[in-house]
Amino acid sequence: MGLFAYEGRKLLRNPLTLVLLAVLLVAGLAQPLYDVYQYRTVNQTYQDRNIEQIIAEYEKMSYSPLLTSMSGSEYQALADERENQERVVPDELLVYFDTPINQYFSLSNVSFYRENGYALSEVLAGSSEGSDRLRCVQSLKRAMNTLARNGQRDSYEYLVLEQQVDMMEAAGVTGVQYNHFWVELEETTSGIMLPLAAVLVLLLSGAFSREYDTGMYRILTATPMGKRRSMFCKVGISLLLGVGTALLTLLLPAAVYLGLGTPEGWNSPLSQLGEGWFTYTPYDLQVWQYFLYKLLFVCLGMAAVALMASFFSLLTRSALYASTVSLLLLFTAYGALFVTDSDTVFSWFSLTYALNPRMIFSDYVSFWLPGDGILLYPDAMIIFLVVLSGLFLLLIWLWYSRCWGNRSHR
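Residues numbered from 1 in each chain as written. Predicted model: local features only at pLDDT ≥ 70, side-chain atom pairs only at ≥ 80, totals over all residues. Heavy atoms only, no water.

### Quick look at the packing of helix H8 (residues 137-149) against helix H9 (residues 156-170)
Link 1 in the chain: Closest axis-to-axis distance for the H8/H9 pair is 10 Å, and the angle between their directions is 150°. In terms of orientation, H8 lies roughly antiparallel with respect to H9. Read as a crossing pair, H8 and H9 show a hand that is left-handed. Contacts between H8 and H9 pair Val-137, Leu-140, Lys-141, Ala-143, Met-144, Leu-147 and Ala-148 from the former with Glu-157, Tyr-158, Leu-161, Glu-162, Gln-164, Val-165, Met-168 and Glu-169 from the latter. (Axes fitted to C-alpha atoms, helices over the stretch in contact; angles between N-to-C directions. Helix = DSSP H or I, 4+ residues; strand = E, 2+ residues; numbered from the N terminus. Parallel < 35°, antiparallel > 145°, perpendicular 65-115°, else oblique. Left-handed = near helix turned anticlockwise from the far one by under 90°. Contact = heavy atoms within 4.5 Å.)

### Concerning the nonpolar core
Link 1 in the chain: With 80 residues, the main nonpolar core has Leu-273, Leu-330 and Phe-361 as its most contacted residues.
Link 2 in the chain: Here this core takes 18 residues from helix H15 (residues 287-316), the largest share from any one element.
Link 3 in the chain: With residues up to four places along the chain from it excluded, the contact list for Phe-361 reads Leu-270, Phe-278, Thr-281, Pro-282, Tyr-283, Leu-285, Tyr-290, Tyr-293, Phe-297 and Pro-378.
Link 4 in the chain: Membership of the second largest hydrophobic core comes to 10 residues, among which are Leu-140, Met-144, Tyr-158 and Leu-161. (Core = buried A, V, L, I, M, F, W, Y, C linked by side-chain atoms within 4.5 Å. Buried < 20%, exposed > 50% of the residue type's maximum accessible area, 1.4 Å probe, protein only.)

### Looking at a nonpolar patch on the surface
Link 1 in the chain: Together, Trp-266, Trp-288 and Leu-292 line one region of the surface with nonpolar side chains, adding up to about 310 Å² of accessible area.
Link 2 in the chain: Locating Trp-288 in the fold gives a position in helix H15.
Link 3 in the chain: You can call Trp-288 partly exposed: its relative accessible area is 32%. (Patch = residues over 30% accessible without salt bridge, like charges linked within 9 Å, V, L, I, M, F, W, Y side chains within 5 Å. Areas by Shrake-Rupley, 256 points an atom, 1.4 Å probe, with all protein chains shown as cover. Salt bridge = Lys/Arg side-chain N within 4 Å of Asp/Glu carboxyl O.)

### Description of the packing of helix H11 (residues 193-204) against helix H16 (residues 319-330)
For any two helices packed against each other, the geometry is given by the interaxial angle and the distance between the axes.
Link 1 in the chain: Relative to each other, H11 and H16 sit at 160°, their axes nearing to 9 Å. By the criterion of interaxial angle, the relationship of H11 to H16 is roughly antiparallel. As for how H11 packs across H16, the hand of that crossing is right-handed. Contacts between H11 and H16 involve Leu-194, Ala-197, Ala-198, Val-201 and Leu-202 from the former and Ser-323, Ser-326, Leu-327 and Leu-330 from the latter.
Link 2 in the chain: Across the contact of H11 with H16, the residue classes break down as 7 nonpolar, 2 polar and no charged. (Nonpolar A, V, L, I, M, F, W, Y, C, P; charged D, E, K, R; others polar.)

### What to know about the pattern of salt bridges
Link 1 in the chain: Under the defined criterion, the tally for this structure stands at 3 salt bridges.
Link 2 in the chain: Salt-bridge contacts for Lys-141 lead to Glu-169; the nearest nitrogen and oxygen are separated by 3.2 Å. Note that Lys-141 is positioned in helix H8 and Glu-169 in helix H9, a separation of 28 residues in sequence.
Link 3 in the chain: Classification of Lys-141 as partly exposed rests on a relative accessible area of 38%.
Link 4 in the chain: The salt bridge partner of Lys-294 is Glu-186, with a shortest N-O separation of 2.8 Å. Taken as a pair, Lys-294 in helix H15 and Glu-186 in helix H10 (residues 180-190) lie far apart in primary sequence, 108 residues in all. We note that Lys-294, like Glu-186, is buried.
Link 5 in the chain: Where salt bridges share partners, they join Glu-186, Lys-294 and Arg-358 into one cluster.

### Regarding the environment of Arg-135
Link 1 in the chain: Tracing the backbone shows Arg-135 in the loop between helix H7 (107-114) and H8.
Link 2 in the chain: For Arg-135, a relative accessible area of 13% gives the class buried.
Link 3 in the chain: The spatial distance from the C-alpha of Arg-135 to the C-alpha of Gln-164 is 9.1 Å, given a sequence separation of 29 residues.

### Notes on the side chain of Ser-190
Link 1 in the chain: Checked against the element boundaries, Ser-190 lands in helix H10.
Link 2 in the chain: By relative accessible area, Ser-190 is classed as buried at 12%.
Link 3 in the chain: Here the side chain of Ser-190 touches Arg-358 through a polar contact of 3.1 Å, side chain to side chain.
Link 4 in the chain: Dropping the residues within four chain positions of it, Ser-190 is found in contact with Lys-294, Leu-355, Asn-356 and Arg-358. (Polar contact = N/O pair within 3.5 Å; in protein donor to acceptor, adjacent residues only side chain to side chain.)

### What about the packing of aromatic side chains?
Link 1 in the chain: Inspection of the entire model under this criterion finds 18 aromatic pairs.
Link 2 in the chain: Taking 5.1 Å as the distance between ring centres and 65° as the angle between the ring planes, the aromatic pair formed by Phe-278 and Tyr-290 counts as edge-to-face. With Phe-278 in the loop between helix H14 (226-261) and H15 and Tyr-290 in helix H15, the pair connects residues that are 12 residues apart, well separated along the chain. Summarising the burial analysis for this pair, Phe-278 and Tyr-290 share the class buried. (Phe/Tyr/Trp six-rings, centres within 6.5 Å; stacked < 30°, edge-to-face > 60°.)

### Focus: the confidence of the model for the protein
Link 1 in the chain: Per-chain confidence: the protein averages 75 in pLDDT, with 65% of residues scoring 70 or above.
Link 2 in the chain: Mean pLDDT across the secondary structure elements of the protein bottoms out at H7, with 46, and peaks at H15, with 92.
Link 3 in the chain: In the predicted structure, residues 96-112 sits below a pLDDT of 50 and forms 62 contacts with residues beyond four places in sequence or in another chain. (pLDDT = per-residue confidence, 0-100.)

### Here we look at H16
Link 1 in the chain: The end-to-end C-alpha distance of H16, which contains 12 residues, comes to 16 Å, matching closely the 16 Å that a straight helix rising 1.5 Å per residue would cover.
Link 2 in the chain: Residues of H16 that are buried include every one of Ala-322, Ser-323, Ser-326 and Leu-330, and no others. For H16, the arc enclosing every buried residue in end-on projection is 95°, short of the 170-degree limit, so these residues lie on one face. Seen from the buried face of H16, the exposed residues on the opposite side, beyond 90 degrees, are Leu-320, Tyr-321 and Leu-328. (Expected span 1.5 Å × (residues − 1). Arc of directions from axis to C-beta.)

Laid out in structure tokens, this is it:
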């Protein structure tokens, strides 16, 4: 326990720890507290309505005949009249859907809300669909018919398309539900994990190399606690910091938004979370289930990042080299997208996507298994992260035992 506390104190004294804590506090508490305060102040001061009244009015107006009676051309006319053409909301609805609720309906969103909340059957305006990514049921069924005419009903391509159609039709939803604070929670936490992971890499890149530079490793590995205990303490504190950062990053803002705001909308379909984030998701998940998956992915991702930084610190014996290599691997997806201009296996199976689960659940991706099996992307990503973490842990053990352990006896 003494060695574990010693490793913890070293990390706490690092200036980068203060940066990590500052970002956590701002993202986890300051921004959510400001959002909730502004939301309550605007509504209670200027419209004299509390959250419960807003939800009731929102639900009432969501099913207004106005939303189902207007044609697309009428909405386009409204868009042309407004300076901000993304906010295509009739004047009668602005009091319910404008800034206090922060639910902006774009033309495409209104269109699919009018079709009972989910655009399964056709491509929305502004949504991309190419030969490498079919997103709507109509396109998928056309591709299936083409394969069937060519006698390829038993092919992998046909089976994958069939599964995607079945999943999307099973996830079909009706209506529009209020989930404002869940949207804010996703907005606040979706982009923060990658910068935090980068700070974690910089913080842990000296976990082993610092002891080598100072010669402290000779003392640590020669103590009665032994070289193995020294390694376990370093790895343990790294994992604790990584997973702890992931938990705080998601749970702190969740406590603010859902505790001081409202958890209303917890059972709304994932497809209704945000504007177009999950429009074509094939996963039949409710919002609260998605956030549990998100918690799992960011914890696994940050654990893998911590072990990766620790291993390269041990391998290179240089904080500079360890951080450089780790950061390059951390941002693999962006590099792959820059080179190929499309999603590939290098972006799908990357720490970049693992730390932003929106990329995992927004579209259908699957992989072929022997025996006509199909492995869905979320399951494949979990396996990838567990295997990656286990691999780094094994490499740390082997390299530490082989190199540092032997040096302590020279």
